[in-house]
Amino acid sequence: MYAVTGATGQLGRLVIEALLKTIPANRIVAAVRNPAKAGDLAERGVIVHEADYSRPETLGPALAGVEKLLLISSTEVTGRLPRHRAVIDAATQAGVSLIAYTSMLHADTSPARLAIEHRQTEEVIAASGLPAVILRNGWYTENHLMALPPALEHGAFVGAAKGGRFSSAARQDYAEAAAAVLATGGHAGKTYELAADQAFTLAELAAEVSRQSGKTIIYNDLSEVAYRDVLTGAGLPADLAALLADADAAASRGALFDDGGALGRLIGRPTTSMQSLVAAALRS
Ligand SMILES: NC(=O)c1ccc[n+]([C@@H]2O[C@H](COP(=O)([O-])OP(=O)(O)OC[C@H]3O[C@@H](n4cnc5c(N)ncnc54)[C@H](OP(=O)(O)O)[C@@H]3O)[C@@H](O)[C@H]2O)c1
């Protein structure tokens, strides 16, 4: 049995779709906080179990009989470690033969504060003794493109990354990589730094949006504090805004860049280009 936590989320759903290409539905467990949101998966024969990271009593039953587990990191930006630990403990109890975890690019050395709980989760996994594969995901290109509507409205992307290069990739690519490490052998003990084949700066992203939209869009680089304030002004919670501004500052020092090519190798094709994701976002 193959299980995916957070399976009603955007990444989780894409992982389930990718698994369904090679694994029968009745061997896939969608381990979800709210089973009511997974009715469509159940209708397709996927087994749906409640698995709420903050309710450990749901985790043991959800993982009973599971051999390979993908733990998708929780959405909470702080306080994730105890939630992840609860899943790892349940996986240990269930005797899974492989746990895969969606960590963050260069989590062991990244200066970004977001990396701290990923690093700690990796340590808990290592201490559990479970055969494991660490998927150190780079930034989602979709993160950048969430700012596309305001950028088109105001003529600028804003950030605090200076000329930092982002090897951001599509969620779809990370999902296919996660499905590949579950569905194929030989990944236990590996740590993959997952990033797109081509990196870009935020100025290059703005230039590409200009080229495709026909409007002049610039990149306006701010201080970390000023960018944080823009994000809180746009309605983000203060702690999330601070973490995202901190991540941009870390990116200015290369934290979200990688050119090792592991993502393309895992998915067996070139990674989806920023240019094609911009085109899709402009169409939507
Ligand atoms: N690399 C990046 O750029 C980047 C960007 C954003 C996020 N991330 C990380 O990647 C993860 C997946 O991203 P995504 O885009 O799929 O996020 P998403 O669409 O917000 O989905 C997150 C999933 O986590 C589930 N979840 C949250 N709290 C939970 C809990 N206590 N117990 C069980 N499930 C819980 C949610 O359940 P519900 O469906 O019930 O809400 C949802 O299914 C995020 O959680 C975050 O750690 C990475």
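Residues numbered from 1 in each chain as written. Predicted model: local features only at pLDDT ≥ 70, side-chain atom pairs only at ≥ 80, totals over all residues. Heavy atoms only, no water.

### Describing the overall build of the protein
Stated precisely, the cut-off is as follows: Helix numbers and strand numbers start at the N terminus; a helix is a DSSP run of H or I with at least 4 residues, a strand a run of E with at least 2. The globule rule is 2.2 Å times the number of residues to the power 0.38, and the radius of gyration it is compared with is taken over C-alpha atoms. Partly exposed residues are those whose accessible area sits between 20% and 50% of the maximum for their type, while under 20% is buried and over 50% is exposed, using a 1.4 Å probe and protein chains only. We call two residues in contact when some of their heavy atoms are within 4.5 Å. Reported accessibility uses the Shrake-Rupley method at a 1.4 Å probe radius. Residues are deemed covered only where the shown protein chains occlude them. Counting rule for charge: Lys and Arg are taken as positive, Asp and Glu as negative, and neither His nor the chain ends is counted. To locate a charge, the coordinates of NZ of Lys, CZ of Arg, CG of Asp or CD of Glu are taken.
The helix and strand inventory of the protein stands at 13 helices and 9 strands. The C-alpha radius of gyration computed for the protein amounts to 19 Å, which stays within 12% of the reference 19 Å derived for 284 residues, consistent with globular compactness. C-alpha extents for the protein along the principal axes are approximately 55 × 35 × 30 Å. Counting every position in the protein, which comprises 284 residues, the buried fraction comes to 51%. Residue pairs at least 24 apart in sequence account for 74% of intrachain contacts in the protein once pairs closer than 6 positions are excluded. Roughly 12,200 Å² of accessible area belongs to the protein as shown, and the carbon and sulfur atoms make up 53% of that amount. Between the averaged position of the 25 positive side-chain charges in the protein and that of its 29 negative side-chain charges there is a distance of 2 Å.

### Observations regarding the sheet that holds strand S2 (residues 28-32)
Inclusion rule: Strand pairing follows a simple DSSP-based rule, namely that at least 2 bridges must link the two strands. Fitted lines through C-alpha atoms serve as axes, helices being fitted only where they are in contact, and the angles separating the N-to-C directions of these axes extend from 0 to 180 degrees.
One open sheet holds the 7 strands; their spatial order is S3-S2-S1-S4-S5-S6-S8, and the pairing between them is parallel. Each edge of the sheet is formed by a strand with only one pairing partner; in this case those strands are strand S3 (47-50) and strand S8 (191-194). Averaged over all neighbouring strand pairs, the angle between strand axes comes to 20°, with direction disregarded. Inspection of the sheet shows strand S4 (residues 68-71) paired to strand S5 (residues 98-104) by 4 bridges, in the parallel sense. Residue pairing across strands places Leu-70 opposite Ala-100, the latter belonging to S5.

### A look at the side chain of Ser-74
The topology assignment puts Ser-74 in the loop between S4 and helix H4 (80-94). For Ser-74, the residues in contact, after removing those within four places along its chain, are Tyr-53, Arg-80, Arg-83 and His-84.

### Structural notes on the packing of helix H1 (residues 10-20) against helix H8 (residues 171-183)
Stated formally: Between 65 and 115 degrees an angle is taken as roughly perpendicular, under 35 as roughly parallel, over 145 as roughly antiparallel, and anywhere else as oblique. Whether a crossing is left-handed or right-handed is set by the direction in which the near helix is turned from the far one by less than a right angle, anticlockwise for left-handed and clockwise for right-handed. Charged residues are taken to be Asp, Glu, Lys and Arg, nonpolar residues to be Ala, Val, Leu, Ile, Met, Phe, Trp, Tyr, Cys and Pro, and polar residues to be all remaining types, Gly included.
Relative to each other, H1 and H8 sit at 50°, their axes nearing to 8 Å. If you check the angle between H1 and H8, you find them oblique. In terms of crossing hand, the pair formed by H1 and H8 is right-handed. Contacts between H1 and H8 involve Gln-10, Leu-11, Leu-14, Val-15, Ala-18 and Leu-19 on the former and, on the latter, Arg-171, Gln-172, Tyr-174, Ala-175, Glu-176, Ala-178, Ala-179, Leu-182 and Ala-183. A class-by-class count of the residues in the contact of H1 with H8 yields 11 nonpolar, 2 polar and 2 charged.

### Considering the pattern of salt bridges
The criterion, for reference: Each salt bridge in this description consists of a side-chain nitrogen of Lys or Arg and a carboxyl oxygen of Asp or Glu lying within 4 Å of one another.
According to the stated counting rule, one finds 15 salt bridges in the structure shown. Between Asp-108 and Arg-136 there is a salt bridge, with its nearest N and O atoms 3.1 Å apart. With Asp-108 in the loop between S5 and helix H5 (114-128) and Arg-136 in strand S6 (residues 132-137), this pair connects stretches of sequence that are 28 residues apart. Its salt-bridge partner being Asp-229, residue Arg-228 comes within 3.1 Å of it at the nearest N-O pair. According to the relative accessible area criterion, Asp-229 is partly exposed, its value standing at 38%. The structure contains a network of salt bridges with shared partners spanning Asp-108, Glu-122, Arg-136 and Glu-193.

### Quick look at helix H11 (residues 238-251)
We count it as follows: Expected span of a helix, by definition, is 1.5 Å for each gap between consecutive residues, and there is one gap fewer than residues.
A rise of 1.5 Å per residue sets the reference length of H11, with its 14 residues, at 20 Å; its end C-alpha atoms lie 20 Å apart and thus fit the reference within 8%. Within the span of H11, buried status applies to Ala-241, Ala-242, Leu-243, Ala-245, Asp-246, Ala-247, Asp-248, Ala-249, Ala-250 and Ala-251.

### Structural notes on H8
Taking 1.5 Å per residue, 13 residues should reach 18 Å; H8 reaches 18 Å between its end C-alpha atoms and fits that length. For H8, a buried count of 10 out of 13 residues is recorded, marking the element as mostly surrounded by other parts of the structure.

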